[in-house]
Amino acid sequence: MKKITINDLIKWKQEGRKFATSTAYDASFAQLFESQNMPVLLVGDSLGMVLQGRPDTLPVTVEEMAYHTRCVRAGSPNCLLMADMPFMSYATPAQACENAAKLMQAGANMVKIEGGEWLVDTIKMLTERAVPVCAHLGLTPQSVNIFGGYKVQGRDQEKADKMVKDALALQEAGAQIILLECVPSSLAKRITEVLDVPVIGIGAGNETDGQILVMHDMFGISATYMPKFSKNFLAETGDMQSAVAKYIEQVQDATFPDEAHTIA
Ligand code: KIV
């Protein structure tokens, strides 16, 4: 696989070519994903749940994120690698800069932060200092205690309009990717159409520019809970390489997510 940059993703958006992405946490899986031409990987703070067995992502530290980012980069030299900034590591723009530097020096090409318009100054500060940003909207798992659980976001008109406004403000501030989690597909479509930057969805229907899955869900090995919008591609194919290839193929031809895996 050739080295993937943000310019490839922008070009694909302009051409209407959909792309698949996945979380990854170690070198072996990163290598497997790269061998199947997965262009983008995310070292998600979901590692707190799927690797560490915690009830949510809040306990994850910057040092843990940097460690797993180094592991994934070692296995996938060519993917565009995003790394999550964990809970409270970007509470102020200055903190964000200090902690983002650790993830970039561990091999990330971009950091991901959760939140809306309040992140504008942080995004400006990071991008002016050469740290590319993906902004995560919708069900932002670090806010689980504010939401009172993992719930679909943006269902009513007022909240949907606010999310569109947030997405535009984040793009204007310099965010180069917007990630939408657990929002109605009609809202994800609206945001994807209104933005120039690529939009990646999870539980957001099949009209975003890209899709992402937590890799444990893609392989059906999440111990306790499988979200309705996820699909076990390993059950359908029988081996991990074919499961990854099938996921990529179904994202590219927009057959995943289908209606059964979409939030109306
Ligand atoms: O941490 C993570 O894995 C994520 C994905 C759910 C997008 O943020």
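Residues numbered from 1 in each chain as written. Predicted model: local features only at pLDDT ≥ 70, side-chain atom pairs only at ≥ 80, totals over all residues. Heavy atoms only, no water.

As recorded in an unreviewed UniProt entry, the protein goes by 3-methyl-2-oxobutanoate hydroxymethyltransferase and comes from Vibrio paucivorans. Comment text from UniProt for the protein, heading Sequence similarities (unreviewed entry), reads "Belongs to the PanB family." What UniProt states about the protein under its Function (unreviewed entry) heading is, verbatim, "Catalyzes the reversible reaction in which hydroxymethyl group from 5,10-methylenetetrahydrofolate is transferred onto alpha-ketoisovalerate to form ketopantoate." (UniProt positions renumbered as here; feature names shortened; annotations may be inferred.)

> Honestly, the environment of Thr 92 in this entry has me stumped. Any pointers?
Relative to the helices and strands, Thr 92 is located in the loop between β3 (80-84) and α5 (93-105). Of the residues examined, Thr 92 reaches a relative accessible area of 35% and is grouped as partly exposed. At a separation of 3.1 Å, a polar atom in the side chain of Thr 92 contacts the main-chain amide nitrogen of Gln 95. (Helix = DSSP H or I, 4+ residues; strand = E, 2+ residues; numbered from the N terminus. Buried < 20%, exposed > 50% of the residue type's maximum accessible area, 1.4 Å probe, protein only. Polar contact = N/O pair within 3.5 Å; in protein donor to acceptor, adjacent residues only side chain to side chain.)

> Would you take a moment to explain the layout of surface pockets for this structure?
To find leftover empty space, one rolls a probe the size of a water molecule over the atoms. Its volume calculated, the largest pocket comes out at about 830 Å³. Met 49, Glu 181, Val 214, Asp 217 and Pro 227 are the residues nearest the centre of the largest pocket, which is lined by 36 residues in total. When residues of the lining of the largest pocket are traced back to their parent elements, those giving at least two are α3 (47-50), β4 (110-114), β6 (177-181) and α10 (215-218). Of the residues that constitute the lining of the largest pocket, the class distribution is 18 nonpolar, nine polar and nine charged. Taken as a whole, the second largest pocket spans an internal volume of roughly 510 Å³. Considering the residues around the second largest pocket, the lining is formed by 25 residues, among which Gly 115, Gly 116, Trp 118, Thr 140 and Ser 143 are closest to the centre. For the lining of the second largest pocket, the element with the most residues is helix α8 (residues 157-173), which contributes four residues. When grouped by side-chain class, the residues that make up the lining of the second largest pocket number ten nonpolar, ten polar and five charged. (1 Å grid on protein atoms, 1.4 Å probe; cavity = no way out; pocket = protein on both sides within 12 Å on 5 of 7 lines; lining within 4 Å. Points joined across faces, edges and corners; volume = space filled by probe spheres on them. Nonpolar A, V, L, I, M, F, W, Y, C, P; charged D, E, K, R; others polar.)

> Explain the nonpolar core to me, please; I cannot follow it from the model alone.
What tends to happen in soluble globular proteins is that the nonpolar side chains get buried as a cluster. Ranked by internal contacts, the top residues of the largest apolar core, which has 66 residues, are Phe 33, Ile 178 and Leu 180. The element that contributes the greatest number of residues to this core is α8, accounting for seven residues. With 20 residues, the next largest nonpolar core counts Ile 6, Trp 12, Met 82 and Ile 200 among its residues. (Core = buried A, V, L, I, M, F, W, Y, C linked by side-chain atoms within 4.5 Å.)

> Is there a simple way to think about the UniProt feature "binding site: Mg(2+)" (unreviewed entry) in the protein in this case?
Under the feature "binding site: Mg(2+)" (unreviewed entry), the UniProt entry names Asp 45, Asp 84 and Glu 114. Taking the farthest pair of C-alpha atoms as the criterion, the annotated set spanning 70 residues converges on one region, since that pair is 11.1 Å apart. The annotated residues named above include Asp 45, Asp 84 and Glu 114 as those lining the largest pocket. Assignment of secondary structure puts Asp 45 in the loop between β2 (40-43) and α3. Classification of Asp 45 as buried rests on a relative accessible area of 3%. Residues contacting Asp 45, with those up to four places away along its chain left out, are Thr 57, Val 60, Met 65, Asp 84, Met 85, Pro 86, Glu 114 and Gln 142. For Asp 84, the position within the fold is in strand β3. Among residues more than four places away in sequence, those in contact with Asp 84 are Leu 42, Val 43, Gly 44, Asp 45, Met 65, Leu 103 and Lys 112. (Contact = heavy atoms within 4.5 Å.)

> How should the packing of aromatic side chains be read in this particular structure?
The way to describe two aromatic rings as a pair is by their centre distance and the angle between their planes. For the structure shown, the criterion picks out eight aromatic pairs. Consider the rings of Phe 33 and Phe 219, whose centres lie 6.4 Å apart with planes at 10°: the pair is stacked. Residue Phe 33 is located in helix α2 (residues 27-35), and its partner Phe 219 is located in the loop between α10 and α11 (233-237); the two are separated by 186 residues in the primary sequence. Each member of the pair, Phe 33 as well as Phe 219, carries the same accessibility label: buried. Ring geometry for Tyr 247 against Phe 256: centres 6.1 Å apart, planes inclined by 70°, an arrangement best described as edge-to-face. A relative accessible area of 2% means that Phe 256 is categorised as buried. Taken together through their ring pairs, the aromatic side chains of Phe 29, Phe 33 and Phe 219 make up a single cluster. (Phe/Tyr/Trp six-rings, centres within 6.5 Å; stacked < 30°, edge-to-face > 60°.)

> Sorry, what's going on with the sheet that holds strand β1 (residues 19-23) here?
Strands pair in a sheet through their backbones, by hydrogen bonds, and they do so in one of two ways: parallel or antiparallel. Spatial ordering of the closed barrel is given by β1-β2-β3-β4-β5-β6-β7-β8, a layout of eight strands whose pairing is parallel. With strand direction ignored, the average angle separating the axes of adjacent strands in the sheet is 25°. Where α8 meets the sheet, its contacts fall on β5 (133-138) and β6, and the angle it forms with β5 comes to roughly 175°. (Pairing = 2+ DSSP bridges. Axes fitted to C-alpha atoms, helices over the stretch in contact; angles between N-to-C directions.)

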